[in-house]
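# Results of the structural survey
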Amino acid sequence: MRGKSGPQPGSRFRTYAAPDQEWAEDAACQGMAPAFDGPLPGEKTEATDARVAGALAVCGVCRVRMACREWTMDQPRKERQGVMGGQWWPIVNPYPATKKSAA
Ligand code: SF4
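These notes cover the structure that comes with them. No experiment lies behind these values; they were computed from the predicted model shown. (Residues numbered from 1 in each chain as written. Predicted model: local features only at pLDDT ≥ 70, side-chain atom pairs only at ≥ 80, totals over all residues.)

A count of helical and extended segments in the protein gives two helices and two strands. Starting at the N terminus and walking to the C terminus, you meet the elements of the protein as α-α-β-β. Burial analysis of the protein (103 residues in total) assigns 24% to the buried set. Put simply, of all contacts in the protein between residues at least 6 apart along the chain, 40% involve residues at least 24 apart. (Helix = DSSP H or I, 4+ residues; strand = E, 2+ residues; numbered from the N terminus. Buried ≥ 20, exposed ≤ 12 C-beta atoms within 10 Å, placed from the backbone. Contact = placed C-beta atoms within 7 Å.)

The following block contains the structure:
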């Protein structure tokens with residue numbers, strides 16, 4: 001999860017912690033950063049897939065999953081990255097390609 005101030009490297013929850021949320025104290029992902037992040041620099045696809053599967057399994061037994069899910073869905077889509085609320089969120093390209101105008 002992510003707080004309004006953005007990524008929280010070194011957070012005791014995980015990279016995208018929501019430290020201002022009371023339920024985060026019971027998050028199953030505490031201390032598991034960066035297992036819940038989006039693709040890491042240099043990480044192969046197979047490694048990302050395995051890491052994400054592990055993170056999703058943690059979400060599956062998390063007792064605050066519903067609160068996390070609701071909080072996640074309240075975040076702007078561009079801030080939902082990696083595994084949040086029991087779901088994988090691919091990184092959104094902040095610079096989408098623009099269509100070339102017809103000449
Ligand atoms: S549902 Fe997943 S991302 Fe959310 S607090 Fe639980 S373990 Fe962390």
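Still more to cover.
Quick look at the site of the ligand now. The immediate surroundings of the ligand are formed by 15 residues, with Ala27, Cys29, Cys59, Cys62 and Cys68 found nearest. Looking at the shell around the ligand, the elements with two or more residues in it are helix H1 (45–60), helix H2 (65–74) and strand S1 (82–84). Partitioned by chemical class, the residues of the shell around the ligand number 12 nonpolar, two polar and one charged. (Near = placed C-beta within 6 Å. Nonpolar A, V, L, I, M, F, W, Y, C, P; charged D, E, K, R; others polar.)

Keep in mind that these numbers describe shape and distance, not what the molecule does.
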